[in-house]
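# Observations on the three-dimensional arrangement
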Amino acid sequence: MQRTDIADPAYFHKVVDCQYACPAHTPVPEYIRLIAQGRYSDAYMINWVSNVFPGILGRTCDRPCEPACRRSRVEENNTGAPEPVAICRLKRVAADMKDDVAGRMPKVGPKNGKRIACVGAGPASLTVARDLAPLGYDVTIFDGEAKAGGFMWSQIPRFRLPESVIDEETGYILNLGVNFVSGKRIESMKALMTEGYDAIFVGCGAPRGRNLELPGRAEAAANIHIGIDWLASVSFGHVTKIGKRVIVLGGGNTAMDCCRSSRRLGGEDVKVIVRSGFEEMKASPWEKEDAMHEGIPIVNFHVPKAFVHEGGKLKGMTFEIVKAEYDAKGKRQLVPTGEPDAFFECDDVLVAVGQENAFPWIERDCGVAFDEWGLPKLSKDTFQSSVPNVFFGGDSAFGPKNIITAVAHGHEAAVSIDKLLQGEETHVRPAPMTNLMSQKMGIHEWSYDNDTSNDLRYKVPWAKAEKALASIKVEVELGFDVATAIKEAGRCLNCDVQTVFVESACIECDACVDICPMDCITFTNDGEEADLRTRLKAPALNLAQDLYVSGGLKTGRIMVKDEDVCLHCGLCAERCPTGAWDMQKFLLNTTQAGPACRSKVEEAVA
């Protein structure tokens with residue numbers, strides 16, 4: 001095999017599984033260490049640079065980082081209940097316990113004469129503004145609602161995300177000199193194009209909930225509601241109650257918000273009914289758990305057939321009962337079981353079966369091209385449309401995702417806009433900046449805590465049920481206290497502190513092999529990767545993780561380390577008599593808008 005090139009930013013980035021999985025590539029272990037040290041404001045600002053909304057995401061993120069967490073892999077054989085570090089809830093700790101950080105926000109530079117319009121005040125547009133306003137761009141955000149935040153404000157219930165948290169974190173961005181035009185919905189792209197903006201960013205989300213056209217839909221329309229519209233009406237205070245018997249259709253996070261909101265607005269018998277199996281639901285596992293914790297059953301393998309009504313008054317719904325069958329290729333098909341149709345009584349139905357993009361305000365002859373699904377044709381790297389100075393991001397770009405994905409889109413679109421308006425090619429983008437720094441403080445001492453804990457994941461406390469279910473505005477999760485936050489932070493394995501090997505210093509004594517608690521270091525003869533993986537001290541079966549391969553040693557062998565299960569405990573470096581192993585912290589800073597993203601750095605600085 002070829003010697004591993006650790007100078008390649010992608011190599012060690014991939015080893016930091018949580019950061020690699022995060023769309024915005026937040027340096028997770030770095031801020032968790034700071035939380036463990038009580039440096040909450042520093043941890044918050046590290047988050048703010050990349051994910052922009054630490055307090056919001058600390059409560060609502062879809063947590064792609066957590067399934068990737070190494071802790072889940074290395075604990076499996078020891079405890080039988082592998083659980084990742086509570087990365088998301090630790091992010092909230094940084095937000096809740098920080099000091100006043102207003103003075104640490106970027107200083108706005110002199111105006112550069114370039115004007116940018118952002119359509120919609122959701123996370124993607126706010127991220128674009130956060131990146132570009134400090135550089136001197138004149139950024140104006142238009143939104144039809146009174147406050148900034150987009151669906152974070154209008155559709156996430158207050159019992160999950162208090163309004164004060166949204167106001168605080170959108171305020172940090174608007175206070176950078178951003179012009180927020182509230183209560184103004186853009187009605188025409190053509191008209192906007194005539195207003196002299198140098199670039200336009202579309203971040204208006206996926207505002208249309210899918211309908212469900214079934215027999216009885218029109219007749220019983222008064223008590224059948226589109227989920228995202230209903231949630232917005234609840235947030236705005238237009239809806240304050242619902243019937244006692246409620247059916248929620250759909251298996252995503254919106255359905256979970258609908259059913260939990262219904263419980264707080266008078267629903268006594270609330271059910272979630274889905275076509276698929278429970279495990280196939282798109283809702284995050286913890287969202288399903290939260291709903292069931294509040295006494296909401298989830299009925300699966302039921303396909304809706306009709307809304308039953310009498311004289312226009314909704315009485316209930318009928319469902320065909322199905323089961324999943326799989327063909328030889330593993331493709332699933334839902335087939336009827338032959339059982340009689342199920343009937344459930346209800347007073348109201350909330351339809352949360354998906355969202356769609358809707359761009360009625362973008363004229364089809366304005367130059368912006370759309371595909372057959374009604375999505376804009378974009379460069380996936382630059383988010384640039386067929387009109388060079390029009391960009392899209394968030395749900396508007398490739399369909400509904402989540403907040404952290406919208407943030408990642410905003411960062412990339414901001415780089416593209418900056419490069420375009422500085423006269424550069426938008427697709428030419430520098431690699432992220434990285435460095436490796438030794439953590440050695442003495443012969444056997446390191447600047448980080450490398451003790452590994454056997455603690456299981458700590459639970460986040462909840463408000464008492466009688467209080468939480470009595471109001472739509474009482475926050476359910478209370479967050480970690482200081483002591484528990486420090487314990488949970490101690491579960492992090494410091495995956496960004498890398499084991500770096502220098503073959504010229506190695507005397508092949510095998511001390512590192514002997515002391516490694518995970519048997520992930522092997523000295524062996526070279527060979528093809530497929531063969532080599534089977535010849536290691538512990539076979540390296542996870543092909544998604546690379547092998548760390550040294551150059552040739554004095555005996556002609558090579559050192560091979562399986563990155564998959566390494567604990568980053570540093571025992572190899574402590575035991576090594578020659579210093580061939582070292583623990584070095586890897587820091588990746590993703591490319592953001594500004595002089596560093598441009599190839600004409602000298603001109604940009606000048």
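Let us look at the structure shown here.

Right, let's talk about the overall build of the protein for a bit. If you tally the helices and strands in the protein, you get 24 helices and 22 strands. The C-alpha atoms of the protein give 27 Å as radius of gyration, which agrees with the globular expectation for 606 residues (25 Å, within 12%). By principal-axis analysis of the C-alpha atoms, the protein measures approximately 90 × 65 × 50 Å. Across the protein, contacts joining residues at least 24 apart in sequence account for 72% of those joining residues at least 6 apart. Side chains of the protein carry 69 positive and 83 negative charges; the gap between the two charge centres is 3 Å.

What follows deals with the layout of surface pockets. Any empty space left between atoms is shown by rolling a water-sized probe over those atoms. There is about 550 Å³ of room inside the second largest pocket. In this structure, the second largest pocket is lined by 19 residues; those nearest its centre are Arg63, Trp286, Glu289, Arg457 and Lys459. Of all the elements in the fold, those that place two or more residues in the lining of the second largest pocket are helix H6 (65–68) and helix H16 (285–293). Here the lining of the second largest pocket takes 5 residues from H16, the largest share from any one element. Taken together, the residues that form the lining of the second largest pocket break down as 9 nonpolar, 1 polar and 9 charged.

Another point: the packing of helix H14 (residues 227–235) against helix H15 (residues 253–264). Put simply, H14 and H15 touch, their axes get as near as 10 Å, and they point 45 degrees apart. Relative to H15, H14 is oriented oblique. For the element pair H14 and H15, the recorded crossing hand is left-handed. On H15, the residues touching Gly227, Ile228, Trp230 and Leu231 of H14 are Thr254, Asp257, Cys258, Ser261 and Ser262. Among the residues forming the contact of H14 with H15, the class breakdown is 4 nonpolar, 4 polar and 1 charged.

Right, let's talk about the packing of aromatic side chains for a bit. Per the stated rule, a full pass over the model turns up 13 aromatic pairs. Aromatic pair phenylalanine 12 and tyrosine 548: ring centres 6.3 Å apart, planes at 90 degrees, arrangement edge-to-face. Note that phenylalanine 12 is positioned in helix H1 (residues 9–15) and tyrosine 548 in strand E20 (residues 547–549), a separation of 536 residues in sequence. Judged on exposure class, the residue phenylalanine 12 and its partner tyrosine 548 are both buried. Over the ring of phenylalanine 159 we find arginine 264, and its NZ or CZ is 3.9 Å from the ring centre.

Moving on, we get to the sheet that holds strand E22 (residues 581–589). To summarise the sheet geometry, strands pair through backbone hydrogen bonds and adopt either a parallel or an antiparallel arrangement. Pairing is antiparallel in the open sheet, where 3 strands are placed in the order E17-E22-E18. Of all strands in the sheet, those bounded by a partner on one side alone are strand E17 (433–438) and strand E18 (497–501). Direction aside, the axes of adjacent strands within the sheet are offset by 40 degrees on average. In this structure, E18 lies alongside E22, joined through 5 bridges in antiparallel fashion. In the sheet register, valine 497 faces E22, and the bridge partner there is lysine 585.

Let's shift gears to unusual backbone geometry. Even without being glycine, arginine 63 reaches a positive phi, approximately 55 degrees. Turning to its location among the elements, arginine 63 is positioned in the loop between helix H5 (54–60) and H6. Under the relative-accessibility criterion, arginine 63 is labelled buried at 5%.

Inspection of the secondary structure assignment puts isoleucine 515 in helix H21 (residues 511–515). A C-alpha to C-alpha distance of 9.6 Å links isoleucine 515 and glutamate 574, two positions 59 residues apart in sequence. Filtering out sequence-adjacent residues up to four positions away, isoleucine 515 remains in contact with Leu571, Cys572 and Arg575.

We now examine the pattern of salt bridges. This structure, assessed with the given rule, holds 47 salt bridges. Residue glutamate 477 pairs with arginine 89 through a salt bridge whose shortest N-O separation is 2.7 Å. One end of the pair, glutamate 477, is in the loop between helix H19 (465–468) and helix H20 (482–489); the other, arginine 89, is in helix H9 (residues 87–97), with 388 residues separating them in the sequence. The buried category is assigned to arginine 89, whose relative accessible area is 7%. The shortest N-O distance in the salt bridge between aspartate 167 and lysine 147 comes to 3.0 Å. Here aspartate 167, found in helix H12 (residues 163–174), pairs with lysine 147, found in the loop between strand E2 (138–142) and helix H11 (151–154); they are 20 residues apart in sequence, far enough to count as distant. Take aspartate 167: its relative accessible area is 33%, and that puts it in the partly exposed class.

What counts, and where the lines are drawn
- Residues numbered from 1 in each chain as written.
- Predicted model: local features only at pLDDT ≥ 70, side-chain atom pairs only at ≥ 80, totals over all residues.
- Heavy atoms only, no water.
- Helix = DSSP H or I, 4+ residues; strand = E, 2+ residues; numbered from the N terminus.
- Rg over C-alpha atoms; globule rule 2.2 N^0.38 Å.
- Contact = heavy atoms within 4.5 Å.
- Lys, Arg positive; Asp, Glu negative; His and termini not counted.
- Charge placed at Lys NZ, Arg CZ, Asp CG, Glu CD.
- 1 Å grid on protein atoms, 1.4 Å probe; cavity = no way out; pocket = protein on both sides within 12 Å on 5 of 7 lines; lining within 4 Å.
- Points joined across faces, edges and corners; volume = space filled by probe spheres on them.
- Nonpolar A, V, L, I, M, F, W, Y, C, P; charged D, E, K, R; others polar.
- Axes fitted to C-alpha atoms, helices over the stretch in contact; angles between N-to-C directions.
- Parallel < 35°, antiparallel > 145°, perpendicular 65-115°, else oblique.
- Left-handed = near helix turned anticlockwise from the far one by under 90°.
- Phe/Tyr/Trp six-rings, centres within 6.5 Å; stacked < 30°, edge-to-face > 60°.
- Buried < 20%, exposed > 50% of the residue type's maximum accessible area, 1.4 Å probe, protein only.
- Lys NZ or Arg CZ within 6 Å of the ring centre and 35° of its normal.
- Pairing = 2+ DSSP bridges.
- Salt bridge = Lys/Arg side-chain N within 4 Å of Asp/Glu carboxyl O.

By themselves, these are just geometric observations and shouldn't be taken as functional.
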